[in-house]
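Listed below, chain by chain, are the residues.
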Amino acid sequence: MSGRIVRLTHVYLALLLLISAATAYWQVVRGEELRASEYNPRRIEEERRTLRGRILDRRGVELAATQDGQRRYAIPALAHVTGFYSLRYGTSGIERAYDGLLSGRAGEGPITRTMRSLLHQPRRGGHVQLTVDAELQQVADRAIGAAHGAVVLLDVQTGEVLVLLSKPLFDPNRIDAEWEQLRSAPAASSPQCSAQNPCAPLLNRATQGLYAPGSTFKVVTAAAALDSRLLQPNTPLPACTGAYVVDGFRILCQPRCDGVYDLTHALVFSCNAAFGRIGNMLGEERLREYARRFGIGTAIPLEIATTPTQFASGTNLSRPAVASTAFGQGELLMTPLQMALVAAAVANGGELPAPRLVLRTLDRSGNTLEESRPRTLGRVMSPQAAQQLTQMMVLAVEQGYGFQARIPGVRVAGKTGTAQSSNDPAVPDHSWFIGFAPADRPRYAIAVMMEFSGWGSLEAAPVARRVLEAALGRAG
Amino acid sequence: MRLLSCVRWRELSLLPVPLVVPLAGAALVSIGRYGTAEPAVLRLALGFALTMLLGHIGLTVLCRTADQMLYPIVALLSGLGLVLVYRLRPDLAMRQLGWIAIGTVAMLVVTHVLRHPEVLRRYKYSAAVAGLLLVALTIVLGVDPNNSGARLWLGIGPFLFQPSEVLKVLLVVFLAAYLDENATVLTAGTYQLGRLRLPPLPYLGPAVVMWGLSLALLVFQRDLGAALLFFGIFVAMLYLGSGRTLYAAVALLAFAAGVTLAYALFAHVRLRVEIWLNPWADPRGRAYQIVQGLIALASGGVPGAGLGFGMPTVIPAVHTDLVYAALGEELGFAGALALLALYSVLVERGMRVALSTANGFTRLAAAGLTSVLAIQTAVILAGSVRLIPLTGITLPFVSYGGSSLLANYLLLGLLLRISALPRPIQPLRRTRGVAPPLQARDEVAVGTLQTNDREGSH
């Protein structure tokens, strides 16, 4: 019997060996994967213990910090930029884009992690310093008031984003408490939206809101005409008599076409008929090519999520469709960030700056890890064309519809837009303004968009003036 | 000098380890969880040390020649279990210590009372009847105090006890006696069926009864763990007693057939199997326990989170069913390996006791009792790592549970007593039933093991 006992003992020992192999499988082979499982409550516990890093504005103002396990946001107007951080609902904005750094997960090697877990130390995250200016952001917030919409202010040379405002705001401090309410808000904007009845509050309209650009797009069409040498600023254009008719489609001589005899005046008075005609003179291909150079049709690369803009939903457009596109309607869909970049490209001598939201990243002790550098997204037009376009946009502010954007002592270049928001004429239009200042030595480009607010010249232009004025005043 | 020669030196030299483990472990738990060493730590460590001293002195006085490694291993396992219970359910730690003490006393009583373990042979049918009665009683009167879905407990006054724990010892006693008496018939086989030689049919009776009993446990009590344990004991002892792998294979096939039938007929069996095969289908619902167990193991990694620093308490019934996952999380793969090594040594040592006895009955009993520990450990651990469906049986000496501790200490007492029986001067040749080639191999195996043993016992 003793041989059997020995054999049976071997069977038992083999079983225990098999169990140790299976244990190794779960603890080592599948360990990483299971630890990261959404069903692992330790993940949340570790997150709770983590000393999450801070988010700072360009001047070092603390925008987000963790105190007593609570994430605190100091500037409500920056809600969409910092985003929120919630154990239950995840992250958004910079909190999402830099989660690895802020939580300390990124850059933590296996040795550091093992040491930390052996010593039972909480994880400590690094910090992010943004390009935004909390003060200017609040000026923009006050200027736009109760309207739904967005304001984007860029440094034209460096691409630094100084203001990135989306209205309505939400309170990232109360994200857990107000989540249901925020999610149950109407997902799409309508004229019924108001401060009391906010629509899509979590949407960052500046980078993800898509709108018809209206007449602000005429800057793109004009850039195409100038840079391709189709027209000079003073090339005579046929007089507008009632409407420009293309294949039976009538584009009225609106809003003002009398006295328009060249490209400059077509832009200053924003004559739709003239731009419809120029569009067809350029042709779809050329107009599309210049739109592409401005970044239209793709998502603008930025640290936080951006939505691709649209030139047209298809190709081989009809002549009336090209005409409509050229004066800013058609199937164009733009983000405020994209339109701010259009202004910035003109201001920057025809070179499209890459926008950036992060100035530098810092390790947990505050030493700089990485400093972001100005980059270009390519040349859109020649410096000469940019110079000509700047002159035309200065006239649009000084003599045309952009008069509300005038700043005493500073030359402002700009273009208003009043974009049809619906086929129903009773629905108010979207109000736009894009521009930059000072026109002779451009520093800041701006885009203001206000949903269902009416005339760009009356609503968006004054907001742009207040923000530009504050920016120039702050810069000294 | 005579006094010195009475000391169980080897046991004494091994005891410092189980002495330190509960003290250091409980202190670490307390510091990890509360930032300071609670007074309970000292009470537990002191109580455990006294219990161990009692066990050691008791064995020296009552059963001096018993094996000297079994008790230190069991003490270490109990100490580790005490630490884990203190970690997982601090409110139950004192009770666990109480049960360890009661178990130790029971162990000593058994070693004293059963000085001639062969007498148990006479009570084999009493044991069988008692066992069957216990099962019947549990089926009829069983209670389910934890709402686990299985009525595995019997209430006696204020106490609850789990009959399956006693049953396993009774089963070994019965089978050892039965198989030893009928070894000739079972080994030789009398019926010829084609090329198969079968034993006479009446001798298959107990086999069929045991097979039915295991399945009854599975079906009526939803206790897959006990069913696996009993059936494992049965197959192992049938193999030991008859030497015929064929019987074991047939029995395994019959069990597999029974399980398949149960799977087809009973929804709760199907559910268990489905949870086992695909726990990720319902990780927040019915598979919550095993999924959290696996995640706990994964969270431990190799070094472990450290005692008191993990989150094993999110696992339901962790202190009874999934104590291995808790250990794996806080002591890591390193700790899990150490535990497995301890059980390996325990099993090997128990089997050595079997090999060192001459008598057929005591040899079968010792091997059977060791098999109980080995199979029970394998069933719950294999369930914890998803090699088989997770069951609710305890990890011997480590899990929380009075019946389990008491029964396992009784089992240990029996094993110790058998180890103290006078040894054969040289390996005895069994003339009954062993085919010549096997016998030759037997000698070699016995010789090797016994040589090692002699070296160590001086």
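Residues numbered from 1 in each chain as written. Chains lettered and ligands numbered in written order. Predicted model: local features only at pLDDT ≥ 70, side-chain atom pairs only at ≥ 80, totals over all residues. Heavy atoms only, no water.

Enquirer: Before we go on, may I ask you to explain the overall build of chain B in this structure?
Expert: Within chain B one finds 18 helices and four strands. The buried share of chain B, reckoned over its 458 residues, is 57%. In the structure as shown, chain B presents an accessible area of about 19000 Å², 69% of it carried by carbon and sulfur atoms. (Helix = DSSP H or I, 4+ residues; strand = E, 2+ residues; numbered from the N terminus. Buried < 20%, exposed > 50% of the residue type's maximum accessible area, 1.4 Å probe, protein only. Areas by Shrake-Rupley, 256 points an atom, 1.4 Å probe, with all protein chains shown as cover.)

Enquirer: Is there a simple way to explain the overall build of chain A in this structure?
Expert: Counting secondary structure elements, chain A contains 18 helices and 17 strands. A fraction of 68% describes how many contacts in chain A between residues 6 or more apart in sequence connect residues 24 or more apart. Of the roughly 19400 Å² of accessible surface on chain A, a fraction of 50% belongs to carbon and sulfur atoms. (Contact = heavy atoms within 4.5 Å.)

Enquirer: Help me understand the state of the cysteines, please; the structure alone is not making it clear to me.
Expert: Here, the word disulfide means a covalent bond between the sulfur atoms of two cysteines. Residues and elements named next belong to chain A. What the rule picks out here adds up to three disulfides over all chains. Paired through a disulfide, Cys193 and Cys199 show a sulfur-sulfur distance of 1.8 Å. When the S-S torsion is -100°, as for the bridge of Cys193 with Cys199, the disulfide is left-handed. Its relative accessible area of 2% is what places Cys199 among the buried residues. Between the sulfur of Cys257 and that of Cys271 lies a disulfide, 2.0 Å long from S to S. Around the S-S axis, the bridge from Cys257 to Cys271 shows a dihedral of about 100° and counts as right-handed. (Disulfide = S-S within 2.5 Å.)

Enquirer: How do you make sense of the interface of chain B and chain A when you look at a structure like this?
Expert: A common way to report how large an interface is uses the accessible area buried once the components associate. At the junction of the two partners, chain B supplies 63 residues and chain A supplies 36 residues. Taken together, both faces of the contact between chain B and chain A bury some 4100 Å²; the carbon and sulfur share is 71%. Three residues, Tyr239, Leu240 and Met311 of chain B, lead the burial of chain B against chain A; their summed loss comes to 13% of the area buried on that side. Seen at the junction of chain B and chain A, the total is two salt bridges. Here Arg284 of chain B makes a salt bridge to Glu38 of chain A, at a shortest N to O gap of 3.8 Å. Viewed at the interface, chain A and chain B are joined by 13 residue pairs in polar contact (both at pLDDT 80 or more). Sorting the residues of the side of chain B that touches chain A by element identifies α11 (224–242), α14 (288–300), α15 (323–356), α16 (360–384) and α18 (436–456) of chain B as the ones contributing at least two each. No other element matches α15 of chain B, which puts 15 residues into the side of chain B that touches chain A. (Buried area = accessible area lost by both parts, 1.4 Å probe. Salt bridge = Lys/Arg side-chain N within 4 Å of Asp/Glu carboxyl O. Polar contact = N/O pair within 3.5 Å; in protein donor to acceptor, adjacent residues only side chain to side chain.)

Enquirer: Looking at this structure, how should I read unusual backbone geometry?
Expert: For residues that are not glycine, phi is negative in most cases, and the peptide bond is trans in most cases. The linkage connecting Lys167 of chain A with the following residue, Pro168 of chain A, adopts the cis geometry, with an omega of 0°. Relative to the assigned elements, Pro168 of chain A resides in the loop between β8 (161–167) and α9 (175–184). Put simply, Gln254 of chain A and Pro255 of chain A share a cis peptide bond, and its omega is -15°. Position of Pro255 of chain A relative to the elements: it lies in the loop between β10 (249–252) and α12 (263–268). Phi at Phe452 of chain A is positive, roughly 50°, even though this residue is not glycine. Note that Phe452 of chain A resides in the loop between β17 (444–450) and α18 (460–475). Positive phi is not limited to glycine here, since Arg386 of chain B has a value of about 65°. Following the sequence through the fold, Arg386 of chain B ends up in the loop between α16 and α17 (402–419).

Enquirer: Just to check I follow, could you spell out the packing of aromatic side chains for this structure?
Expert: When we look at a pair of aromatic rings, we describe it by the centre distance and by the angle of the planes. Counted under the stated rule, the structure contains ten aromatic pairs over all chains. Between the aromatic rings of Tyr211 of chain A and Trp432 of chain A, the centroid separation amounts to 6.5 Å while the plane-to-plane angle is 80°, which identifies the pairing as edge-to-face. In this pair, Tyr211 of chain A is assigned in the loop between α10 (205–208) and α11 (218–227) and Trp432 of chain A in strand β16 (residues 430–437), connecting sequence segments 221 residues apart. The two residues Tyr211 of chain A and Trp432 of chain A agree in class, both being buried. Between Phe397 of chain B and Tyr409 of chain B the ring centres are 5.4 Å apart and the planes differ by 80°, which places this aromatic pair in the edge-to-face class. In this pair, Phe397 of chain B is assigned in the loop between α16 and α17 and Tyr409 of chain B in helix α17, connecting sequence segments twelve residues apart. Accessibility classification places Phe397 of chain B together with Tyr409 of chain B in one group, the buried group. In textbook terms, an aromatic cluster arises when at least three aromatic residues are bridged by ring pairs, as seen for Phe84, Tyr89, Phe170 and Trp179 of chain A. The positively charged end of Arg293 of chain A is found above the aromatic ring belonging to Tyr290 of chain A, 4.4 Å away from the centroid. (Phe/Tyr/Trp six-rings, centres within 6.5 Å; stacked < 30°, edge-to-face > 60°. Lys NZ or Arg CZ within 6 Å of the ring centre and 35° of its normal.)

Enquirer: Just to check I follow, could you spell out the confidence of the model for chain B for this structure?
Expert: A low pLDDT means the predicted coordinates there should not be read in detail. In this model, chain B carries a mean pLDDT of 83, and residues with pLDDT of at least 70 account for 83%. With pLDDT under 50 throughout, residues 433–458 of chain B is counted as low confidence; its partners more than four residues away or in other chains account for 30 contacts. (pLDDT = per-residue confidence, 0-100.)

Enquirer: How do you make sense of helix α8 (residues 134–144) of chain A when you look at a structure like this?
Expert: Structural remark: α-helix, 3.6 residues per turn; residues separated by three or four positions point the same way. Residue and element names in this part refer to chain A. The buried fraction of α8 is high, at eight of eleven residues. If you check which residues of α8 are buried, you get Ala134, Leu136, Gln137, Val139, Ala140, Asp141, Ala143 and Ile144. Where α8 is buried, its residues touch β2 (62–67), β7 (149–155), β8, β17 and α18. The N-terminus of α8 is capped by Asp133, whose side-chain oxygen sits 2.9 Å from the backbone nitrogen of Glu135.

Enquirer: Please clarify how the nonpolar core should be interpreted in this entry.
Expert: The nonpolar side chains of a soluble globular protein tend to be buried with one another. Formed by 134 residues in total, the largest nonpolar core has its most connected members in Tyr71, Leu77, Ile233, Leu339, Leu346 and Tyr409 of chain B. Looking at this core element by element, the count peaks at 16 residues for α15 of chain B. Ignoring any residue separated from it by four or fewer positions in sequence, one finds Ile233 of chain B in contact with Lys168, Leu171, Val172, Leu175, Val372 and Ile375 of chain B. In terms of nonpolar packing, the next biggest core, distinct from the first, is built from 124 residues, Ala224, Val346, Phe436 and Ala437 of chain A among them. (Core = buried A, V, L, I, M, F, W, Y, C linked by side-chain atoms within 4.5 Å.)

Enquirer: Could you clarify how one ought to interpret the side chain of Glu329 of chain B in this entry?
Expert: Its place among the elements puts Glu329 of chain B in helix α15. Residue contacts for Glu329 of chain B: discarding those within four places in its chain leaves Gln27 and Arg42 of chain A together with Ala296, Ser299, Gly300, Gly304, Ala305, Gly310, Met311 and Pro312 of chain B.

Enquirer: Hey, could you run me through the sheet that holds β8 of chain A in this one?
Expert: Hydrogen bonds between backbone groups are what pair the strands of a sheet, and the pairing can be parallel or antiparallel. Residues and elements named next belong to chain A. The strand order across the open sheet formed by five strands is β8-β7-β17-β16-β15, and the pairing between neighbours is antiparallel. Edge positions in the sheet fall to β8 and β15 (413–419), since each of these pairs with one other strand and no more. Direction aside, the axes of adjacent strands within the sheet are offset by 5° on average. Where β7 lies against β8, six bridges are found, and the strand directions are antiparallel. Bridge pairing in β8 links Val151 to Leu165. (Pairing = 2+ DSSP bridges. Axes fitted to C-alpha atoms, helices over the stretch in contact; angles between N-to-C directions.)

Enquirer: When you look at the pairing of strand β9 (residues 243–246) of chain A in this model, what are you seeing that I'm missing?
Expert: Two faces, one strand: in a regular strand the side chains alternate between the faces of the sheet. All names here are of chain A. Sheet topology note: the β9/β10 ladder contains four bridges and is antiparallel. The residue bridging Tyr244 from the neighbouring strand is Ile251, located in β10. The antiparallel pairing of β9 with β10 creates a hairpin that spans two residues between the two strands, and Asp247 there sits at a positive phi of about 45°.

Enquirer: Just checking my understanding: could you explain a nonpolar patch on the surface for this structure?
Expert: Together, Leu46, Leu50, Leu53, Ile57, Val61 and Leu62 of chain B line one region of the surface with nonpolar side chains, adding up to about 580 Å² of accessible area. Inspection of the secondary structure assignment puts Leu53 of chain B in helix α4 (residues 39–62). (Patch = residues over 30% accessible without salt bridge, like charges linked within 9 Å, V, L, I, M, F, W, Y side chains within 5 Å.)

Enquirer: It is not clear to me how the sheet that holds β2 of chain A should be interpreted in this structure. Could you clarify?
Expert: Residues and elements named next belong to chain A. Strands sit in the order β3-β2-β1-β6-β12-β13 across an open sheet of six strands; the sheet is mixed. Strands with a single pairing partner mark the edges of an open sheet, and in this sheet they are β3 (70–73) and β13 (368–371). Direction of pairing for strand β12 (residues 358–362) relative to β13: antiparallel, over a ladder of three bridges. Paired with Leu362 across the two strands is Thr368, which belongs to β13.

Enquirer: What's the story with the pattern of salt bridges in this structure? I'm lost.
Expert: Counted by the stated rule, this structure contains 36 salt bridges over all chains. We note a salt bridge from Arg292 of chain A to Glu289 of chain A, for which the minimum N-O separation is 3.0 Å. In this pair, Arg292 of chain A and Glu289 of chain A both sit in helix α14 (residues 284–293), three residues apart, roughly one turn of the helix. Arg121 of chain B is the partner of Asp180 of chain B in a salt bridge, and the nearest nitrogen-oxygen pair spans 2.8 Å. Here Asp180 of chain B is found in helix α8 (residues 163–181), whereas its partner Arg121 of chain B is found in the loop between α6 (93–113) and α7 (124–141), with 59 residues between them in sequence. We classify Arg121 of chain B as partly exposed; its relative accessible area is 24%.

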